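Results of the structural survey
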Amino acid sequence: MALWIQAQQLQGDALHQMQSLYGQHFPIEVRHYLSQWLEAQLWDAIDLENQQDEFKAKRLLDGLIQELQRKAEHQMGEDGFLLKIKLGHYATQLKSSYDPCPLELVRCVKHILYTEQRLVQEASNASSPGSGPVDGTPQRYQQINQTFEELRVMTQDTENDLRKLQHSQEYFIIQYQESLRIQAQLSSLASIPPAERVQRESGLQSRKSTLEAWLTREANTLQKYRQELAEKHQRTLALLRKQQTVIVDDELIQWKRRQQLTGNGGPSEGGLDILQAWCEKLADMIWQNRQQIRRVEHLTQQLPIPGPTEELLTDLNATVTDIISALVTSTFIIEKQPPQVLKTQTKFSATVRLLVGGKLNVHMNPPQVKATIISEQQAKALLKNENTRNDSSGEILNNNCVMEYHQTTGTLSAHFRTMSLKRIKRSDRRGAESVTEEKFTVLFESQFSVGGNELVFHVKTLSLPVVVIVHGSQDNNATATVLWDNAFSETGRVPFVVPDKVLWPQLCEALNMKYKSEVQSDRGLSEDNLVFLAQKAFSSSSNNTEDYCNMTITWSQFNRESLPGRNFTFWQWFDGVIELMKKHLKSHWNDGAILGFLNKQQALDMLMSKPNGTFLLRFSDSEIGGITIAWVAENPNKAGERMVWNLMPFTTKDFSIRSLADRISDLNHLLFLYPNQPKEEVFSRYCTPPNSKAVGDGYVKPEIKQVVKVENDSMLDTEGEFDLDETMDMARQVEEFLRQPMETQWRPHLGPPRSPVTLNCSLFKLII
């Protein structure tokens, strides 16, 4: 069912919340008449912090205007005439409002659609209390909303009691003033005749005694009212603190954890709108109770009555101030994290947001936010409230930003768009730690006041750990540090402590998440793939998954110690596979054409039972980011004997010249992709169409084709792999030569072009 149809069925407060989303900034009639079009657009595909996406936003705005105009033109009849005028007016109004800033339209519509979805989900849950979550909405959301309703009732109850107390106290003061007037009259009786004085004094004394007795009883009653009201506020504040713990210490922390896992390729952490709505409700109720307590304090000062209430009110005031302070400081968060692998002299962005900023009217005097990069040690000192003397570990350019309030969404945020780390100051490293294992963090801080400067807040928040690099060659190892930290850090840790070793299944989960995200595939790492990785990581030969379930892998094994017989680590090898796949081979992986995670022996065992010409693709054990073709064929030196051949690995450099599909197509001796698929069925759709021989300028255009010519076993190494280092180099030189402009190819100092004959035994030949 369309979202708008469901939204129209909302009732009560939910319907009111939905209606409040609309106004001059986006009329509800536009939502109604363009509901299908609005819900069909890819609003989430636009990054509001990326100015380069402004063009996409402009296209959506233009599309919206065109749809409105088209809808207006098709209106007929008397009622249609009025609607035609109204829709045309809205088209002009929206174009005028959002043409200078089309990203604001996207922000507005995303907020509307998300809020409608949330309200519909909450209403669905409320109508089915016995059922489970609807559309993924957790059952705990119901409990949070029920607690808010309980808090609303309690706050309204104390408000009613406070009014009664105020009325009772006002009447008490009036009666007390009356007793003072009677006392004054009694004092003035000395000046009148005795007979009249006795008569009047008797009446005044009687009234005075009655009134004083009433005042005594009423004073006790007022004290009781105050005591009961203070105790009610205690219960309300206790529930408020409990609700705040659920939202801030549970829900918001879980959101931050999901945000951290997105750095490893985890699913999106989800929007902050529902969390902001909860935090704003908290802020509103805390502030209402704070104002009530202050009014009680004022009444107490106006009419002091000895008793324990004064001490209770002092405690309540401290408690409510502590609660609001904790809420404000906890909801100053990083909505968009800076990159965790941060290269110096490179622009980067980040966004911080105050979830209660709109509710507390902080935007009336927009605060400024400052960003500073600090070391792990400085972060520890900061969280211990030790004096850091405003130290930093580097210099960030464009590190100041004013928080902006977006009226359409009610969000208060600061968008740092062009920050750049100019320099970094490193600390002394421990033991074998490298520069790519050193962690920093970006500190965001601001100061603002609320309630007419009643409360002043200095808020701070730390980014996820950042590894600073100065060259692209460090990216691989820096990514390893970030992946380990994101996967295995614990909530509430001391910055930035992570375990030195973890269970192998834990690492498998992190590797699978990273792989699927980078390769953009739903096909993750299979159980067999993970067994292969375990064999590589632990130098093991076991094929049993259970053997690795309780094994632990250390950080050193992961990315500090080289694999046996190699000059690279486990992570460097795995990351090389990821880079190769995401740049050149993701389609083939998604098709299931690449088995990949196999060793030579496994490939041999699989292929020897298949017909000649059967081949498979596996990742190279000896080269980072390499993939090789293994196939079964006759041994040219021994009649009747078959063997498995392994082609020298291809890398990203090779595939930037000629694709995998083209190379496989060139090799006629490759017939079936393991187990039995004709190669044309798998790879033909990815092949480059052949070039036409007729070239307009009269020249014949050269082509490069994959060639493997086997004449004797001198071309094979002892493991059955082609030893083509020299001819490979020659082929690459020719390929690079052919990619140069024509006028530079035939310069005399380069000598004559190489003859195609010299490539007969290489991987490539030149076709003229």
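First things first, this report covers the structure right here in the doc. (Residues numbered from 1 in each chain as written. Predicted model: local features only at pLDDT ≥ 70, side-chain atom pairs only at ≥ 80, totals over all residues. Heavy atoms only, no water.)

What follows concerns unusual backbone geometry. Residue Phe496 follows Pro495 across a cis peptide bond; omega there is -20°. Within the fold, Phe496 resides in the loop between helix 13 (475–488) and strand 12 (501–503). Along the chain, Tyr674 connects to Pro675 via a cis peptide bond; the corresponding omega equals 5°. Tracing the sequence through the fold places Pro675 in the loop between strand 17 (672–673) and strand 18 (677–678). One non-glycine residue, Gln345, lies in positive phi territory at about 60°. (Helix = DSSP H or I, 4+ residues; strand = E, 2+ residues; numbered from the N terminus.)

Time to look at the packing of helix 13 against helix 17 (residues 570–590). Where helix 13 meets helix 17, the axes come as close as 10 Å, and the angle between the chain directions of the two elements is 105°. Here helix 13 lies roughly perpendicular to helix 17, going by the angle between them. Contact with helix 13, carried on its side by Asn476, Asn477, Thr479, Ala480 and Leu483, involves Trp571, Gln572 and Asp575 of helix 17 and no other residues of that element. In terms of residue class, the contact of helix 13 with helix 17 is made up of three nonpolar, four polar and one charged. (Axes fitted to C-alpha atoms, helices over the stretch in contact; angles between N-to-C directions. Parallel < 35°, antiparallel > 145°, perpendicular 65-115°, else oblique. Contact = heavy atoms within 4.5 Å. Nonpolar A, V, L, I, M, F, W, Y, C, P; charged D, E, K, R; others polar.)

Before going further, it helps to examine the sheet that holds strand 14 (residues 614–619). A sheet is described by the order of its strands in space; here five strands give the open sequence 16-15-14-17-18, paired in mixed fashion. Whereas interior strands pair on both sides, the edge strands pair on one side only; in this sheet they are strand 16 (642–646) and strand 18. Strand direction decides the pairing type here: strand 17 and strand 18, joined by two bridges, are antiparallel. Following the sheet pairing, Phe672 is matched in strand 18 by Pro678. (Pairing = 2+ DSSP bridges.)

As a packed pair, helix 14 (residues 504–519) and helix 15 (residues 527–538) sit with axes 11 Å apart at the nearest point and diverge in direction by 120°. As far as their axial angle goes, helix 15 and helix 14 are oblique. Considering the relative orientation of helix 14 and helix 15, their crossing is right-handed. Listed contacts from helix 15 to Trp504, Cys508 and Leu511 of helix 14 are Leu530, Leu533, Ala534, Ala537 and Phe538. By residue class, the composition of the contact of helix 14 with helix 15 is eight nonpolar, no polar and no charged. (Left-handed = near helix turned anticlockwise from the far one by under 90°.)

This part takes up the nonpolar core. When a protein is soluble and globular, its nonpolar side chains tend to lie buried together. Residues Ile247, Leu327, Val328, Leu354, Phe416 and Phe444 are the most contacted members of the largest nonpolar core, which totals 82 residues. Looking at which element gives the most residues to this core, the answer is helix 9 (residues 194–262), with 14 residues. Three or more residues apiece are contributed to this core by two domains, here domain 2 (136–327) and domain 3 (337–426 + 434–497). Apart from residues no more than four positions distant in its own chain, Phe444 is found in contact with Phe332, Ile334, Ala350, Val352, Val369, Lys370, Ala371, Phe416, Met419, Val459, Lys460 and Thr461. Judged by nonpolar contacts, the second largest core, of 61 residues, contains Val531, Ile553, Phe558 and Met581. (Core = buried A, V, L, I, M, F, W, Y, C linked by side-chain atoms within 4.5 Å. Buried < 20%, exposed > 50% of the residue type's maximum accessible area, 1.4 Å probe, protein only. Domains from an automatic or database assignment.)

Strand order in this open sheet of four strands is 6-4-9-10, and the pairing throughout is antiparallel. The open sheet has two edge strands, strand 6 (400–402) and strand 10 (455–462), and neither has a second partner. Adjacent strand axes in the sheet meet at a mean angle of 25° when their direction is disregarded. The pairing of strand 9 (residues 440–450) with strand 10 spans eight bridges and is antiparallel. Residue pairing across strands places Gln447 opposite His458, the latter belonging to strand 10. Helix-sheet contacts for helix 11 (residues 309–330) involve strand 9 and strand 10, and the interaxial angle to strand 10 is about 40°. In the packing of helix 12 (residues 376–383) onto the sheet, contacts are made with strand 4 (368–375), strand 9 and strand 10, and the angle to strand 4 comes to roughly 120°.

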